[in-house]
Every structure is written in structure tokens, then in C-alpha cells.
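Chains, contacts and geometry: an overview
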Amino acid sequence: MPDSPRQPPKPPSIRPPDVGPGREDADGTTTLERIAQRTEPPRLYQVLLLNDDFTPMEFVVMVLQEFFRLDLDTATQIMLKIHHEGRGVCGVFTKDVAATKVELVLGAARRAGHPLQCIMEAA
Ligand code: TYC
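Residues numbered from 1 in each chain as written. Predicted model: local features only at pLDDT ≥ 70, side-chain atom pairs only at ≥ 80, totals over all residues. Heavy atoms only, no water.

1. Description of the sheet that holds strand β4 (residues 87–94)
In space, the three strands of this open sheet follow the order β4-β3-β5, with antiparallel pairing throughout. Lying at the two open borders of the sheet, with one neighbouring strand each, are β4 and β5 (117–122). Across this sheet, the average inter-strand angle for adjacent strands is 30°, counted without regard to direction. As judged from the seven bridges shared by strand β3 (residues 44–50) and β4, these two strands associate in the antiparallel manner. Its bridge partner lying in β4, L49 is registered against G88. Contacts between helix α1 (residues 57–68) and the sheet are confined to β3 and β4, with β3 contributing the most and set at about 160° to the helix. Running at roughly 170° to β5, helix α3 (residues 95–112) makes contact with β3, β4 and β5 of the sheet. (Pairing = 2+ DSSP bridges. Helix = DSSP H or I, 4+ residues; strand = E, 2+ residues; numbered from the N terminus. Axes fitted to C-alpha atoms, helices over the stretch in contact; angles between N-to-C directions. Contact = heavy atoms within 4.5 Å.)

Have a look at this one:
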């Protein structure tokens, strides 16, 4: 059995993750090809308030101003839309932000003794 020449240890790969295996060219050099990488935009979620017969209108307007940074006019319009149509969008956010808004609104409603319901849905 012929002696196999001792191989020097391989250096650690320094290729970034978006570079493919490469191809050996006729002159012995290797050409690396960049693999297209796509980062999807984050999914968005609507936060909605649901109508009920007990939560005071003023409280809903306060919630819309406080937690969704809406001015008094916009908050009043959205509250009335919910009152008449049963539900309404308060804002559109990434998943974590939407979930936090829902928890904050439900907490404030519970502490105030109102049955106000707040939900999130994929936009
Ligand atoms: N319907 C309630 C009332 O008449 C007002 C209200 C509006 C309650 C919007 C909830 O998400 C709501 N007092």
C-alpha cells in the first residue's frame, strides 16, 4: 500500500451561509456562487375590539387613545363603528406587539370591571 501523503489539517470554513459549494474551473480555481436568500417580511396582525352592551363608550375611547395612540376624533369614530357593526380594527402590528396590546387592553378592562373583549387576527 503506497504511503498516503500527510494532509495538513483543513482550515475551518469561512464561507458565509449564503455561499454555495462552488465549482472547480479548468484552471483549478474555484468559483463560488452566492445563493439568493430571501427574508420574508413579518406577518401582520390586526387588533380588534368587540362590541358589548356594558362597557361605557368613554372607556373604549380612552382605550383607543391610550393603547393605540389615536386622537380623540379617530378613537370616537372607531368606537362608534364597533358599537354599530360589532367589531372594529384598532391597529395592525407584528405578532408580539399585537399580543401585547391585547393583553394590555384586557388587563385594563378587567381592572375597571368591564367585559370589553379584544382579539387579534392575521391581517
Ligand atoms: N356598546 C357599548 C355601549 O353602548 C359601547 C361599546 C363600544 C362597547 C365599543 C364595546 O368595543 C366596544 N355602552
